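Now for the letters of each chain:
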Amino acid sequence: MLNDQKIEKFRQIVENKFQIYNSLFMSLPYDKMTNIGMLLPFLAEESREGYQQGKSPEEIVEEFFQKHTELETEDQKLELLFKIIQYIERQVVLFDSIEDAAFQQLHSESDSGTVMNMYDRANQDHHLTAIRKKMDDFAIKIVFTAHPTQFYPNAVQRIIHDLRDAIINDSVTQIDTLLQQLGKTPFVNKERPTPLDEALSIIYYLRYVYYQSIGELYRKIKQVYGTSNFTPNPDIIQLGFWPGGDRDGNPFVTADITMKVAEELRISILKDYYGHLKIVRRRLSFRGVSDVLKAVSKRIYDSIFQENVRISAEEIIAELDKAEKILKEEHNGLFFDVLDDFRDRVKIFGTHFATLDIRQDSRIHQNVIDDIFSKIIDGNIDSRTNDEKIDLLLESGIVLNPDDFEDDMTKETLKSVYNIKTIQENNGERGMHRYIISNSDEVKDVMNVYAMMKLCGYADEDIHIDIVPLFETMEGLDKSESVMKTLYDHPVYKKHLARRNNKQIIMLGFSDGTKDGGYLKANWQIYTSKEKLTKISEENGMKVIFFDGRGGPPARGGGKTHDFYASQGKSIANNQIELTIQGQTITSVFGNKDQAKFNFEQLLTAGIENDVFKSTKKDLNDKERSLISELADISYKKYSDLKAHPMFVPYLQEMSTLEYYGRTNIGSRPSKRGAGSELKFEDLRAIPFVGSWAQLKQNVPGFFGFGFALKTLMDEGRFEEIKDLYKGSDFFKTLVLNSMMSMNKTYFPLTYYMRNNTKFGEFWNILFTEFSLSKEMMLELTGYKILMQEEPLNRKSVKIREKIVLPLLSIQQYALIKIQKGEDNRESYEKLVMRSLFGNINASRNSA
């Protein structure tokens, strides 16, 4: 579909429907919400015109009260603002649902990046054999995290799901009743969710979205690429799971919680199998076949509800193989495709559904190792080096009892290690086979985990775990090559890798990398680190798999994910694409069957096409490398100067919503790693850091330093070199376009009032100057007249969303100003800030 046709289609089925269904809000019987729908446009217009005239949010909101209401008391005004927030929150849900419902009509099966599009290209270029060969040893893995960027409670998520279906069917009556339900359903959790709550929230998507979307996509791949000699690997699409296993900085994730989540995953997939098997049995009602299926169904049922009954994926598949034999020999193979589809699901999801990972910070592990060492080897832990401690512990042959230790963290860590074996017995080895170490920057960080496995009684050949270092800071990325080189030569670890088929998973943190080094530097550092790690791995006969810790926005490694992976050259190992998704990205990119299937396809084809279709734009030459490196260093210096500015942390603390992230009941995890009251930059989580800039509509981590670097080389008369780089390198082009996406979601007029602030005026002007420069430079570089010119649909969607939430932003800034002035009703204004967080984040869909 051509862009103009798509834009017109978007206008008809998204914009027009929103206008029509939005009018239903006006007549809905919401408590105390009479006239909100009529007052809201006035606040929106006051905001739009006011910011153009340079007015502050405080002036805009006060003028709204004076011109359009007769409210006199502060309490009355606050009540109205809360009602407006509630109204806008529901408008955002409506727009989300309408846009999601239109997805199928705006995309086709032959779009770029789909399985069918790749087949047509491969068929034309005679590459089908190469694609089948790549498919045999390739996979994509989406890993769901519990990071708090999702603000919809479960009840609201279910309404959104039903609302989307009603809109697809144009059922006005059902839409009307669902909007009424939406009006009376709370949007805020009364209590902070537990890690188990977070896990169950995402398991809902596993059961009702991904079981179908992945199953159907695999069937499509099988139909398109399968031959009598080739069946695509069922492991080609995999799911990972962090809620309940991610201990890093979350004291509420315990060993017991991990066990409960693993059991929920096991039971959930068996429930899906039990329901699916009912449909299969309805068709396969033949003598012999029905008996086998009935017995399988009973075993699955008993495994769900009886504590001591277990069934493995291998056992289910063996019974289905028997059913197939009878079906083909006695019943002409009738409805074989129905049986085969079910069997494929069992091969894909096993009895684990998604692989539950354990993650913990390397510094916590070191504390645990020191505690163990002081208790069983030598009370003076400072008398030995870390390497000596590991060697002595490995040689000790001691098997520890977690209850023998007083320290809670030591107990919990050892219990988690013991649990791995139990989870693998219940859910299969695919149920848990990775231990991820945050903040890795030394060899000991990996070896500490191996030592703990041994101390918990695992024989070397029974350690069915991939130990995964996570390099996420500039320092960690710098050291990653030497760390892995030493590990590959380590006599103990080398034998472990041999038992793991000489495969090493390495995780790289985009979120913390960008927070630490700035957008351009972090992305280039990760790219070059991957190249070095690929080289050192291949030299040591290791198959390396990169696992990218990415967030929603470009500032956390998000943005154009398909383009990013498709742009990586031959110098980076492409054995598997693995990345994290969370919160908004789950609901906005993988939130329903059509979207999920489309985006799984995009990732899959990006990885396969990267190997099969040759492109000179993917491999960087020495001149291009040198130029990107120079730009990255210049931007890093600029960003580092900003971080070193004495107002950097105070600005975020006092002028943004940073302090309020941790007080919203959206996630179980604290908003910073350290336990102290003082806010330190290094302890700050990437999500509240990036999210706070997004709430200010400044998105600083997504562009800062990039424009300065471009201008520096322009002043040296070298801009043509950069233009050639942009035209010649897919990687650099993707970085530019992702940064422009960040800038397209900025709105500095919202905070114009800060430029005259005695404390922060100078700092605000530094941010605005760099934004203006970056925008000017990137438009000059790309030849575009406006940001996101190449993506008219996304740009249009962003524009509508920004229009919906502009009054919300005004209210949030109004409340922050009142708090800064120390006015009365501080508690109420703080609640306004927190409530407005929800709608702003949900509307932007990938801001944190």
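Notes on the structure in this doc start here.

Under the criterion given, the structure shown has 70 salt bridges. A salt bridge links E539 to K535; the shortest N-O distance between them is 2.8 Å. With a gap of four residues between them, E539 and K535 both fall in helix α22 (residues 519–539), about one helical turn apart. As far as burial versus exposure is concerned, E539 and K535 are alike and both exposed. The shortest N-O distance in the salt bridge between K818 and E823 comes to 3.2 Å.

What follows concerns the layout of surface pockets. Size it by volume and the second largest pocket reaches roughly 1,500 Å³. Listed by contribution, the elements that provide at least two residues to the lining of the second largest pocket are α1 (3–22), α2 (36–52), α4 (74–101), α32 (730–744), α33 (761–782) and α34 (792–820). When residues in the lining of the second largest pocket are grouped by element, the largest group, 13 residues, is from α34. A breakdown of the residues in the lining of the second largest pocket according to their chemical character gives 25 nonpolar, nine polar and eleven charged.

Okay, the side chain of T782 next. Considering the arrangement of structural elements, one finds T782 in helix α33. The class of T782 is buried, set by a relative accessible area of 14%. Separated by 2.8 Å, the side chain of T782 and the backbone oxygen of M778 make a polar contact. At 3.2 Å, the side chain of T782 forms a polar contact with the backbone nitrogen of Y784. If we skip the residues at most four places from it in the chain, T782 touches Y726, V736 and M740.

Moving residue by residue along a regular strand, the side chains alternate between the two faces of the sheet. The element strand β2 (residues 237–241) is largely enclosed, with a buried count of four among its five residues. Two elements, strand β1 (residues 139–145) and β2, share five bridges in a ladder whose sense is parallel. Within β2, the residue paired with I142 across the bridge is L239.

In this structure, Y210, F241 and F600 are the most contacted members of the largest nonpolar core, which totals 188 residues. At 15 residues, the largest contribution of residues to this core is made by helix α10 (residues 195–225). When neighbours within four sequence positions are excluded, F600 is seen to be in contact with I140, I142, Y210, S213, I214, L217, I237, L239 and F590. The next biggest cluster of nonpolar side chains, apart from the first, holds 66 residues, and it includes Y87, V156, L809 and Y829.

Attention now goes to the side chain of S480. The topology assignment puts S480 in helix α19 (residues 474–489). Each residue touching S480, except ones within four places of it in the same chain, is listed here: F471, S529 and L533.

Moving on to the packing of aromatic side chains. Remark: the centre distance and the inter-plane angle together describe each pair of aromatic rings, the angle taken between the planes. Counted under the stated rule, the structure contains 39 aromatic pairs. Ring geometry for Y651 versus F760: centroids 5.8 Å apart, planes at 70°, classification edge-to-face. In this pair, Y651 sits in helix α27 (residues 648–655) while F760 sits in the loop between α32 and α33, placing the two residues 109 residues apart along the sequence. Each member of the pair, Y651 together with F760, is buried. Between F703 and F771, the aromatic rings sit 5.7 Å apart at their centres with planes inclined by 70°, giving edge-to-face as the arrangement. Pair noted here: F703 is in the loop between α29 (686–695) and α30 (706–715) and F771 is in helix α33, with a separation of 68 residues, a long-range link. For F703, a relative accessible area of 0% puts it in the buried group. Each member of the aromatic cluster is reached from another via a ring pair, and the members are F648, Y651, F689, W693, F760 and F763.

Looking now at the packing of helix α3 (residues 57–68) against α4. Running from amino to carboxyl end, α3 crosses α4 at an angle of 105°, the nearest separation of the two axes being 12 Å. For the element pair α3 / α4, the angle class is roughly perpendicular. Facing V61, E62, F64 and F65 of α3, the residues of α4 in contact are K77, L80, L81 and I84.

On the surface, D387, E388, D391, E395 and E442 cluster together into a patch of negative charge. Position of E395 among the secondary structure elements: in helix α16 (residues 386–396). With relative accessibility at 63%, the residue E395 sits in the exposed group.

This part takes up the sheet that holds strand β4 (residues 358–361). In space, the nine strands of this open sheet follow the order β3-β2-β1-β9-β8-β7-β6-β5-β4, with parallel pairing throughout. A single partner strand is all that each edge strand has here, and the edge strands are β3 (355–356) and β4. As paired elements, β1 and strand β9 (residues 576–582) share seven bridges and run parallel to each other. For A139, the partnering residue across the bridge sits in β9 and is Q576.

Burial analysis of strand β7 (residues 503–509) places six of its seven residues in the buried class, the great majority of the element. As paired strands, strand β6 (residues 466–471) and β7 are joined by two bridges and run parallel to one another. From the neighbouring strand, L470 faces β7, where its bridge partner is M507. Here seven bridges tie β7 to strand β8 (residues 543–549), and the two strands are oriented parallel to one another. By the bridge assignment for β8, G509 is matched with G549.

Parameters and conventions
Residues numbered from 1 in each chain as written. Predicted model: local features only at pLDDT ≥ 70, side-chain atom pairs only at ≥ 80, totals over all residues. Heavy atoms only, no water. Salt bridge = Lys/Arg side-chain N within 4 Å of Asp/Glu carboxyl O. Helix = DSSP H or I, 4+ residues; strand = E, 2+ residues; numbered from the N terminus. Buried < 20%, exposed > 50% of the residue type's maximum accessible area, 1.4 Å probe, protein only. 1 Å grid on protein atoms, 1.4 Å probe; cavity = no way out; pocket = protein on both sides within 12 Å on 5 of 7 lines; lining within 4 Å. Points joined across faces, edges and corners; volume = space filled by probe spheres on them. Nonpolar A, V, L, I, M, F, W, Y, C, P; charged D, E, K, R; others polar. Polar contact = N/O pair within 3.5 Å; in protein donor to acceptor, adjacent residues only side chain to side chain. Contact = heavy atoms within 4.5 Å. Pairing = 2+ DSSP bridges. Core = buried A, V, L, I, M, F, W, Y, C linked by side-chain atoms within 4.5 Å. Phe/Tyr/Trp six-rings, centres within 6.5 Å; stacked < 30°, edge-to-face > 60°. Axes fitted to C-alpha atoms, helices over the stretch in contact; angles between N-to-C directions. Parallel < 35°, antiparallel > 145°, perpendicular 65-115°, else oblique. Patch = residues over 30% accessible without salt bridge, like charges linked within 9 Å, V, L, I, M, F, W, Y side chains within 5 Å. Areas by Shrake-Rupley, 256 points an atom, 1.4 Å probe, with all protein chains shown as cover. Lys, Arg positive; Asp, Glu negative; His and termini not counted. Charge placed at Lys NZ, Arg CZ, Asp CG, Glu CD.

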